[in-house]
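One letter stands for each residue in the lines below.
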Amino acid sequence: MKKLLALAVALVLALSLATVASAAEYPTKGISVICPWGAGGGTDSCLRAFCLALEKQLGVTLTVDNLTGAGGVIGHEAIADADPDGYTMGMVTFELSAYKAQEMSDYTYENYIPLCRVNTDAAAITVNSEWAAANGITDVASFVEYAKAHPGEVMMGGSSSGSVWHIAGGYLMNATGIDIKMITYANGAADAVKAAAQGEIQGVTVSLAEAKAFIGNGLTVLGVMDTARNVAFPDAPTCAEQGFDIAYATQRGLALPLGTDAEIVAKLEAACAAAIQDADFVTFMNNNGQTIAYQSTVQAGVSNKVLTNGGGNGADITHMLDDGGQGNGGDGDDGGDQHAQIQIRAKDGQGGVLPDHGDAEPLGSAHSGSHVCTGSGVNHHSHQIGGHNTQQDG
């Protein structure tokens, strides 16, 4: 018995020393980086560029793995469930803040070790150029005037139901009192942008980076939901400078599974802090119209909420409502007819609702201390287009 005990103690010590040595030598092989969204989307492009910068700091290859589906849930859960050995990490996005409220996943920011926030991208009101010209729409004010004169007629696209750009449409309605139809696309913002450029819908509420290929070539930017103009789109005015207090953006950051060795976490944090300043990364992000918004856990007050709870947006999600049993609202086999309602709390305490097809009742109550207006007096409709293929986020 004493020999067995001694062997057990020796084994524990050996394993502990091996772990310490492994952490000290880290990394010794390539790192897998999970992207919860499809190739070509805003998260994918940002992540791939940042991984190239991180490779210079870590001296190993970082391979991006797009694990998509279920409105980003599959990829987000894969990050949290990965072996906490430092060789799997991933990019978490705004949508993580909504999963539990939508009953799509029990995972929240508490299931991750944050490394840093990398990027924020503001939504923009971007419309079909021919439609705008035919109706005298040249800015946010004329768009709002037209929408009020034609309630329920203007169709604006986002991405999948309950995603950040879908919610951006709801926030736009809340802020301006207009009634528009939000058209959701299971495959993401890329399809919405294409539909707007082709005149199938009137416009989109996605980021400038995702609409970039068609801006000036079928699409016109009326207003960006930010406090300052985007350096890559200097001619695109903000909503604020036009008298509309509308600021709304997605956020993206890197995170690790819980249980990752503290020394490995520290090395990765240091690598991120250096990579964010990489000249090639900065150039790529600027040219792509994506905002670098680095924030470390120290800068965030050691709070990983900054990466995943929508902090800094013009509106926070307080509820997601019944989606008719389809889960993500953008991945259902039947291609749509979800029954979801999104309730949004704006910074000023005002809010409103964005239902899909009607009158679902709220689940639970609003965040403590917040006031949520659930009756804007306008019935906002949303429709789903597309099936259950790979999704691209905003």
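Just so it is clear, the model here is predicted, and its values are computed rather than measured.

## Some remarks on helix H2 (residues 42-58)
Taking 1.5 Å per residue as the helical rise, H2 with its 17 residues ought to reach 24 Å, and the 24 Å between its terminal C-alpha atoms agrees with that figure. For H2, the buried fraction is high: 12 of the 17 residues fall into the buried class. Within H2, burial applies to Gly-42, Thr-43, Asp-44, Ser-45, Cys-46, Leu-47, Ala-49, Phe-50, Cys-51, Ala-53, Leu-54 and Leu-58. Phi for Gly-59, located one or two positions after H2, is positive at around 75 degrees.

## Describing the packing of aromatic side chains
As enumerated under the stated definition, the model contains 6 aromatic pairs in all. Relative to Phe-143, the ring of Trp-131 lies with its centre 6.5 Å away and its plane at 75 degrees, an arrangement referred to as edge-to-face. Here Phe-143 lies in helix H6 (residues 140-149) and Trp-131 lies in helix H5 (residues 129-134), a separation of 12 residues in the sequence. Given the relative accessible area of 15%, Trp-131 is considered buried. Residue class for Phe-143 comes out buried when judged on its relative accessible area of 0%. A connected cluster of aromatic rings, assembled from ring pairs, spans Phe-94, Tyr-171 and Tyr-248. The residue whose ring lies beneath Lys-29 is Tyr-87, and the NZ or CZ to ring-centre distance is 4.7 Å.

## Quick word on the sheet that holds strand E1 (residues 31-35)
Judged by pairing direction, the sheet is mixed, and its 6 strands sit side by side in the order E2-E1-E3-E10-E4-E11 without closing on themselves. Every interior strand has two partners, whereas the edge strands, strand E2 (62-66) and strand E11 (291-296), have only one. When strand polarity is set aside, the average angle formed by the axes of neighbouring strands in this sheet is 25 degrees. Pairing of E1 with strand E3 (residues 88-93) involves 3 bridges; the strand directions are parallel. Pairing of Val-33 across the sheet is with Met-89, part of E3. The strands that H2 touches are E1, E2, E3, strand E4 (112-122) and strand E10 (249-257); relative to E2, the one it contacts most, it runs at about 160 degrees.

## Comments concerning the environment of Phe-284
As for its position among the elements, Phe-284 is in helix H11 (residues 279-288). For Phe-284, a relative accessible area of 33% gives the class partly exposed. When near neighbours in sequence (up to four residues on either side) are disregarded, Phe-284 contacts Ser-45, Ala-49 and Gln-290.

## Quick look at H11
In an α-helix, one full turn covers 3.6 residues, which means residues spaced three or four apart are oriented alike. Taken as a whole, H11 has its buried residues at Phe-281, Met-285 and Asn-288. The arc that holds the buried residues of H11, viewed along the axis, is 70 degrees, so those residues lie on one side. Exposed and oriented more than 90 degrees from the buried face of H11 are Ala-279 and Asp-280. Of the surrounding secondary structure, the elements contacted by the buried residues of H11 are H2, E4, helix H9 (208-211), helix H10 (262-275) and E11.

Rules behind the numbers
Residues numbered from 1 in each chain as written. Predicted model: local features only at pLDDT ≥ 70, side-chain atom pairs only at ≥ 80, totals over all residues. Heavy atoms only, no water. Helix = DSSP H or I, 4+ residues; strand = E, 2+ residues; numbered from the N terminus. Expected span 1.5 Å × (residues − 1). Buried < 20%, exposed > 50% of the residue type's maximum accessible area, 1.4 Å probe, protein only. Phe/Tyr/Trp six-rings, centres within 6.5 Å; stacked < 30°, edge-to-face > 60°. Lys NZ or Arg CZ within 6 Å of the ring centre and 35° of its normal. Pairing = 2+ DSSP bridges. Axes fitted to C-alpha atoms, helices over the stretch in contact; angles between N-to-C directions. Contact = heavy atoms within 4.5 Å. Arc of directions from axis to C-beta.

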